[in-house]
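# An overview of the molecular structure
The lines below spell out each chain.
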Amino acid sequence: IKSDHQEIVLKDIGTAQKTFGLNFSIEEQDSMLDGLNGRLKAYKAIREYPLSNSIPPSLIFNPIPPDFYINRNNRPILWDIPENTELPEDRNRLAFYSILELASLLKHRKITSTELARFFINRLKEYGDTLECVISITEKRALEQAVKADQEISGGYYKGPLHGIPFGVKDLLAVEGYPTTWGAAPYKDQVIHKTATVVRKLEEAGGILVAKLTLGALAWGDVWYGGKTRNPWDLKQGSSGSSAGSASATSAGLIPYSIGSETHGSIISHNNRFGTTLLRPTNGRVSRTGAMALSWSMDKLGPICRSALDCAIVFESILGEDEADQSLVDAAYNFDMNMDVSSLKVGYLKDIFDQNKNNRVNDAQTIAQFRSMGLDLEPISLPDNIPVNALSIILNAEAAAAFDELTISGRDSLLVRQIKNAWPNEFRKARFIPAVEYINANRIRYALIQEVNAILKDYDVIITPTFGGTQVLMTNLTGHPCVVLPNGFDENNRPTSFSLIGNLFEEEKILSLAMKYQEETNFEDVHPPLFQ
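One structure accompanies this document, and this report is about it. (Residues numbered from 1 in each chain as written. Predicted model: local features only at pLDDT ≥ 70, side-chain atom pairs only at ≥ 80, totals over all residues. Heavy atoms only, no water.)

## A few points about the overall build of the chain
When helices and strands are tallied, the chain shows 17 helices and 15 strands. The C-alpha radius of gyration of the chain comes to 24 Å, within 12% of the 24 Å expected for a compact globule of 532 residues. Looking at the chain as a whole, 58% of its 532 residues qualify as buried. Taking as baseline every contact in the chain between residues at least 6 positions apart, the subset at least 24 positions apart corresponds to 76%. As displayed, the chain offers around 23,000 Å² of accessible surface, 50% of which is attributable to carbon and sulfur atoms. Taking the 53 positively charged and 65 negatively charged side chains of the chain as two groups, their mean positions are separated by 4 Å. (Helix = DSSP H or I, 4+ residues; strand = E, 2+ residues; numbered from the N terminus. Rg over C-alpha atoms; globule rule 2.2 N^0.38 Å. Buried < 20%, exposed > 50% of the residue type's maximum accessible area, 1.4 Å probe, protein only. Contact = heavy atoms within 4.5 Å. Areas by Shrake-Rupley, 256 points an atom, 1.4 Å probe, with all protein chains shown as cover. Lys, Arg positive; Asp, Glu negative; His and termini not counted. Charge placed at Lys NZ, Arg CZ, Asp CG, Glu CD.)

The following block contains the structure:
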């Protein structure tokens, strides 16, 4: 794209307005001609100003509706680490131990963090190429951290359930000393000289970073510059959304847990393939400092684990303050392993369940299971009077702005996917989204937030199919938290799933209900046979 522009003539305005659905008269077009030509200089100046992906807009999204009460009264969380977990004779079984089981082994010094780190690093090396899920193994950093963790634990300084336990992160999170590729060829040698806040927080809790994992290029899909990340349950199938490597590696037992990101389904989409348990937190809960920006008003980071309890543990360590991220909200997180979920008021999206024919049997069994747990489920519906799909231009416009330099420079041609339904074409199309429509879309989003909160405030949890209707886009726009968990298998023996949506900043309720459901079922304990 050339930076020099030819002067706009009257005919250009007439042609261009068709793109925007406008119909100004010839006289009106003539009146704006000089002004439009004048603005070309302003556009040129803006494009020439160096903007890195890490610089956010000065406008900060706020998902909180008027008169919304935020509980800021944190209570201590007591994690019940078992006393009697045994080290298995077959060490391969460690691959699918829960966080608390691994914590028990480490706390009681039945295994060292160094041994555990080497175990998972070896699994990443053995299976990483098969799944095409690994970008960097952070072996040197991991072993140094593991030695430190062993010294701390043996010296009586035990930090909690993540101390000494390995983890991986989606490679849109910066880690000092390692490439941060964003899964995209133009950035495959990029080194960002800082470490993302989420990674820092996990390491401060004693976690051991062992790998940076694949993502679809610039957080779309499962195709990255080195291949296509695979589904551990079916190697012929891609892993779906852009938290591809994080979900694939966790499901296959290459790591105990990982961090993914979601803008429009990139965390939750994996559970119809992997059988993992995933948490998309409330927008404003988890710092995004050091994470690639795709949409400043929609991006969210969250844990990908093998159970809701594991998600609850990881979430405690990654939420909360960060001076560098002004979008964060101070809110309590009071997860209780012994919560009486029968006291929760629960609704379910009956209309979406009725439409979800692909998973009808498993969904029906899920609803029956919750009722057998003593819950009185009330059928409800989300708002249908707002053009939710049209609001996706918010994501399109923000993503195009985040990667405008890539488009303007022409380096978008280096991305692997060059079809119509891929980022290069989407970034170019977004250049034709009028600023007025972008702003008005956000005004409609404000109305959507009020309407969704007006419905959800009467419930603690809403049960829904993972996909169906507009609920995925809707709740990403409104910023509501969501847990996705497995509820069976399809005819090809691949996992299926459903979701629990909660009120803003009430992750503990959806996680507690998910945990109780998993105590009554065993879907989260079934793992892909090829990797056991």
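Now that the structure is up, let's keep going.
## A word on the nonpolar core
Judged by nonpolar contacts, the single largest core of 123 residues is most densely connected at Leu218, Phe335, Phe370, Phe403, Ile463, Leu500 and Leu513. By residue number, the principal contributor to this core is helix α9 (residues 308-318), which donates eight residues. Sequence-distant contacts of leucine 218, that is, excluding residues within four places in its chain, are made with Trp182, Ala184, Tyr187, Met292, Leu294, Phe403, Leu406, Leu415, Trp423 and Phe427. Grouped together as the second largest cluster of nonpolar side chains are 20 residues, Ile121, Val210, Ala211 and Leu213 included. (Core = buried A, V, L, I, M, F, W, Y, C linked by side-chain atoms within 4.5 Å.)

## Let's talk about helix α4 (residues 113-131)
For α4, spanning 19 residues, the distance from its first C-alpha to its last is 25 Å, which sits close to the expected 27 Å at 1.5 Å a residue. Of all bends in α4, the biggest is about 35°, found at lysine 125. Every buried residue of α4 is accounted for by Ser113, Thr114, Leu116, Ala117, Phe119, Phe120, Ile121, Arg123, Leu124, Tyr127, Gly128 and Leu131. (Expected span 1.5 Å × (residues − 1). Bend = angle between axes of the 7 residues up to and from the residue.)

## Things to note about the packing of aromatic side chains
Applying the stated criterion across every chain, the model contains 19 aromatic pairs. Look at tyrosine 187 and phenylalanine 403: their rings are 6.2 Å apart centre to centre, the planes differ by 65°, and that puts the pair in the edge-to-face class. You can see tyrosine 187 sitting in the loop between β2 (166-170) and α6 (197-204) and its partner phenylalanine 403 sitting in the loop between α12 (393-402) and α13 (404-409), a full 216 residues away along the chain. On the basis of relative accessible area, phenylalanine 403 is assigned to the buried category, the value being 2%. Linked through ring pairs, Trp182, Tyr187, Trp220, Phe403, Trp423 and Phe427 together constitute an aromatic cluster. Cation over ring: lysine 345 sits above tyrosine 459, and NZ or CZ is 5.1 Å from the ring centre. (Phe/Tyr/Trp six-rings, centres within 6.5 Å; stacked < 30°, edge-to-face > 60°. Lys NZ or Arg CZ within 6 Å of the ring centre and 35° of its normal.)

## Observations concerning the pattern of salt bridges
For the structure shown, the criterion picks out 25 salt bridges. In this structure, the salt-bridge partner of lysine 212 is aspartate 171, at a minimum N-O distance of 2.8 Å. Remark: aspartate 171 occurs in the loop between β2 and α6 and lysine 212 occurs in strand β3 (residues 208-213); sequence separation between them is 41 residues. Both residues of the pair, lysine 212 and aspartate 171, belong to the buried class. Glutamate 262 is paired through a salt bridge with arginine 280; the nearest N and O atoms lie 3.0 Å apart. (Salt bridge = Lys/Arg side-chain N within 4 Å of Asp/Glu carboxyl O.)

## Section: the sheet that holds strand β10 (residues 300-305)
Where strands meet in a sheet, backbone hydrogen bonds hold them as pairs that are either parallel or antiparallel. Pairing is mixed in the open sheet, where eleven strands are placed in the order β1-β3-β2-β8-β10-β9-β14-β15-β13-β11-β12. At either margin of the open sheet sits one strand with a lone partner, and together these are β1 (134-137) and β12 (377-380). In this sheet, neighbouring strand axes are inclined to one another by 30° on average, regardless of whether the strands run parallel or antiparallel. Of the pairings in the sheet, the one linking β1 to β3 comprises three bridges and is antiparallel in character. Residue valine 134 lies in a different strand from β3, and its bridge partner there is leucine 213. Lying on the sheet, helix α5 (residues 139-154) is in contact with β1 and β3; it crosses β3 at an angle near 160°. (Pairing = 2+ DSSP bridges. Axes fitted to C-alpha atoms, helices over the stretch in contact; angles between N-to-C directions.)

## Regarding a nonpolar patch on the surface
Nonpolar side chains collect at one region of the surface, where Phe20, Leu22, Phe24 and Phe432 lie side by side and expose about 360 Å² of accessible area between them. With respect to the secondary-structure elements, phenylalanine 20 resides in the loop between α1 (10-19) and α2 (26-48). (Patch = residues over 30% accessible without salt bridge, like charges linked within 9 Å, V, L, I, M, F, W, Y side chains within 5 Å.)

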